Every structure is written in C-alpha cells, then in structure tokens.
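The residues making up each chain are set out below.
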Amino acid sequence: MSKLLGSLLLALWVALLPGTVSARASADIHIGYLVTDADTQGTIAAFRKLIEERPDLADRVNLHLLSPSTYADAQAEQILQSDVLVFDTHDQHMLDQFNEKNNVDLLAEVKTVLGVGVGLQGEEHYVKLGVEWEPRARTYWEHGGPQNQLALLKLALTRAGIEGLDLPEPELSIDFGYYYPDGGTGRVFADWESFQQWREASGKHRPGAVRVGVSFFKSNYYT
C-alpha cells in the first residue's frame, strides 16, 4: 500500500510540473533530460539548488524534461533546442516514440548528448547515434543522490558553455549507512562511528536523549 501511495504521489507531483523549468522564457542556455519519472524529482531539486548557489543563472537557463509523465505535454521544439541532453539509454523506447511522433532524430539535432545508464544496445550503438560516454557523467548518474545529481547538472551546463561551476568528485553510493536530515539534502554516513563523530562535532549529540531510527530503502535517498 505504501509503495502504491508513493507512486501515486510522485505521479501527481510530476503531472503538476511543466515540461520546462525556468525563471525566464528568454533563457539562452537549454538543458534537456530524457529520463524516467523516478529521476525527475531529483533533477528538479538539483536545478533549484543550482539557482540558490548561482542566482545569476536564473535568467539564463531552461531545464527541459522528457519523461513518461511529461511526454504527452512536452513540446518538441523545446526539447530539440537543448544545448546538452542527458539521455538515460535505458529509456530508448521513449526516444523512439518521441522521434516517431515528431518525425525527428533528437540525438542528431542536439549538439551534445551525454549518455548515462545502461541501454538495451551496446555502447558503440549509441556512439554511432551521437551519444558521448563521459566517465564522470556516468558515475554521477550511477551513484545518484542529491550531490551527484547537482554535479551532473553542473557538468551539463559546463559543456553548454557556463563557466565557474565546481565539478566535485562523485560521491559513491553505499548499500548500508546512516542518514541525518539536516534541512537540506541531508547527510549520509557509511558507519555508526563516523555518524557519531559528526554528531558530536556538530553539537547534535545529546547524552540521555531518546534516540529514534527509521529504516528505509537506499533508493528513497538516491533517486
């Protein structure tokens, strides 16, 4: 039941979003994402975080999303004007549907296509279609999480010509760990000892206080 409710809430949340996220219609940089619905929430959160860090980009950048929930309302001309397209090759079927519906070749139209994920075809197949396999972009995507999603967006913007964006080393995902909600994207620790050290150093350890832990799947954080 909880999984179904989560899916319904995500579908409703995505349905309320436009295919384009931007503060201005006159933006001169266009970044496209062709991904699943599960990845749109983290992508939009990364975009909002980017604007917090770099308010000067609010008037310059448009983010175009093509996912199952935005597909019906997506405007082809917006997706086609992407300077950089982040393409999850796992969603080859959606790319094929978009091309057939609009009688276009999206990968051929976009100057830079960053391939991420694992598709049904081999890497060479996508290279022939114009996809670039950039190791850092793939690592950001593979390990996911708020920091990596923001870094991937910054990498795409860097390829589009935006200067001065820091591209951190990918934050490797972990199978088991401890998460602390800090009001932002949260903090993740691989073991209890490092979690405790951080709590004590940050003034969040209160001896004798009731300690409550809530377990959840790592996918809830990394997507």
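Here the structure is shown first, and the text comes after it.
All residue numbers refer to positions counted from 1 along the written sequence of the respective chain. Where totals are concerned, whole chains, interfaces and linings use all residues; where local detail is concerned, this predicted model gives features only for residues with pLDDT of at least 70, and gives and counts side-chain atom pairs only at 80 or more. With hydrogens and water excluded, all non-hydrogen atoms of the structure serve as input to the side-chain values.

Topic: the side chain of Asp37
- The helix count covers DSSP runs of H or I at least four residues long, the strand count covers runs of E at least two residues long, and both are numbered beginning at the N terminus. Locating Asp37 in the fold gives a position in helix 2 (residues 37-53).
- Relative accessibility decides the category of a residue: with a 1.4 Å probe and only protein chains considered, values under 20% of the type maximum give buried, values over 50% give exposed, and everything between is partly exposed. Note on charges: Lys and Arg go in the positive column, Asp and Glu in the negative column, and His and the chain ends are not counted at all. Take a side-chain nitrogen of Lys or Arg and a carboxyl oxygen of Asp or Glu: if they are within 4 Å of each other, that pair is a salt bridge. Summary of buried charges: Asp37 has no salt-bridge partner, and the nearest side chain of opposite charge, Lys101, is 14 Å away.

Comments concerning the environment of Met94
- Along the chain, Met94 falls in helix 4 (residues 92-102).
- Judged by its relative accessible area of 3%, Met94 falls in the buried class.
- The contact rule is simple, with two residues in contact once any of their heavy atoms fall within 4.5 Å. Apart from residues lying up to four places away in sequence, Met94 is in contact with Leu34, Val35, Leu66, Ser67, Pro68 and Tyr71.

As for the packing of helix 2 against helix 8 (residues 146-159)
- Convention adopted: a line fitted to C-alpha atoms gives each axis, helices being fitted over their contacting stretch, and angles between N-to-C directions are expressed from 0 to 180 degrees. Interhelical geometry of helix 2 versus helix 8 gives an angle of 70 degrees and a closest axis separation of 8 Å. Between helix 2 and helix 8, the angle falls in the class roughly perpendicular. At the point where helix 2 passes helix 8, the crossing takes the right-handed sense. In this structure, helix 2 contributes Gly42, Ala46, Phe47, Lys49, Leu50 and Glu53 to the contact, and helix 8 contributes Gln149, Leu150, Leu153, Lys154 and Leu157. An angle below 35 degrees is treated as roughly parallel, one above 145 as roughly antiparallel, one from 65 to 115 as roughly perpendicular, and anything else as oblique. Each crossing gets its handedness from the near helix: less than a right angle anticlockwise from the far helix is left-handed, clockwise is right-handed.

Describing the pairing of strand 2 (residues 29-34)
- Judged by how many residues are buried, strand 2 sits mostly within the fold: six of six residues are covered.
- Here strand 2 shows two buried faces, one formed by Ile29, Ile31 and Tyr33 and the other by His30, Gly32 and Leu34.
- In terms of strand pairing, strand 2 meets strand 3 (residues 61-66) through six bridges, oriented parallel. Paired with Ile31 across the bridge in strand 3 is Leu63.
- If you view a crossover with the strands going away from you and the path from the first strand over the helix to the second runs clockwise, you call it right-handed. The handedness of the strand 2 to strand 3 crossover, carried by helix 2, is right-handed.
- The rule for pairing is simple: two strands pair if DSSP sees at least two bridges between them. As paired elements, strand 2 and strand 4 (residues 84-88) share four bridges and run parallel to each other. Considered in strand 4, the bridge of Gly32 is made with Leu85.

Overview of the packing of aromatic side chains
- Pairs were defined over the aromatic rings of Phe, Tyr and Trp, the Trp ring being its six-membered one, requiring ring centres within 6.5 Å. Orientation was assigned from the angle between planes: stacked under 30 degrees, edge-to-face over 60, tilted for the rest. The final tally for this structure, using the stated rule, is ten aromatic pairs.
- Put simply, the rings of Tyr178, Tyr180, Phe189, Trp192, Phe195 and Trp198 touch in pairs and so form one group of aromatic residues.
- Whether a charge sits over a ring comes down to the Lys NZ or Arg CZ being within 6 Å of the ring centre and within 35 degrees of the ring normal. Looking at Lys101, its charged tip hangs above the ring of Tyr71, at a distance of 5.0 Å from the centre.
- When the ring centre of Phe195 is taken as reference, the NZ or CZ atom of Arg199 above it lies at 5.6 Å.

Some points on the side chain of Thr112
- Considering the arrangement of structural elements, one finds Thr112 in strand 5 (residues 112-116).
- The residues contacting Thr112, other than those within four sequence positions of it, are Asp83, Val84, Leu85, Glu132 and Arg159.

As for the layout of surface pockets
- Using a grid of 1 Å spacing that covers the protein atoms alone, one calls a set of points a cavity when a 1.4 Å probe fits there but cannot get out, and a pocket when the set is open and has protein on both sides within 12 Å along at least five of seven lines; lining residues are those with an atom within 4 Å of a point. Grid points are joined across faces, edges and corners, and a volume is the space filled by probe spheres set on the points. Volume-wise, the second largest pocket comes out at about 820 Å³.
- What lines the second largest pocket is a set of 28 residues, among which Tyr178, Tyr179, Phe195, Gly213 and Val214 lie closest to the centre.
- The class makeup of the residues in the lining of the second largest pocket is 17 nonpolar, five polar and six charged. Here the nonpolar group is Ala, Val, Leu, Ile, Met, Phe, Trp, Tyr, Cys and Pro; Asp, Glu, Lys and Arg are the charged ones; every other residue, Gly included, is treated as polar.

Side note on helix 2
- Expected helix span is taken as 1.5 Å per residue step, with the number of steps being one fewer than the number of residues. Given a rise of 1.5 Å per residue, 17 residues ought to cover 24 Å, and the 25 Å separating the end C-alpha atoms of helix 2 matches this to within 8%.
- Of the positions making up helix 2, those classed as buried are Asp37, Asp39, Thr40, Gly42, Thr43, Ile44, Ala46, Phe47 and Leu50.

Observations concerning the nonpolar core
- Buried Ala, Val, Leu, Ile, Met, Phe, Trp, Tyr and Cys residues form a nonpolar core when they are joined through side-chain atoms within 4.5 Å. Of all hydrophobic cores here, the largest spans 29 residues; its most connected members are Ile31, Tyr33, Leu153 and Leu157.
- Of all the secondary structure elements, the ones that give two or more residues to this core are strand 2, helix 2, strand 3, strand 4, strand 5, helix 7 (135-143) and helix 8.
- Here the element with the most residues in this core is helix 8; it accounts for seven residues.
- Beyond its immediate chain neighbours, meaning those up to four positions away, Ile31 contacts Val61, Asn62, Leu63, His64, Ser82, Val84, Leu153, Ala156, Leu157 and Ala160.
- With 18 residues, the next largest nonpolar core counts Leu34, Ala76, Val113 and Tyr126 among its residues.

Some points on empty space enclosed by the protein
- Tallied over the entire structure, the rule returns one cavity of 30 Å³ or more.
- Estimates place the volume of the largest cavity at around 40 Å³.
- Along its surface, the largest cavity is lined by Tyr33, Asp39, Thr43, Ala46, Trp141, Gln149, Leu152 and Leu153.
- Taken together, the elements giving at least two residues each to the lining of the largest cavity come down to helix 2 and helix 8.

Shape is all these values report; function is a separate question.
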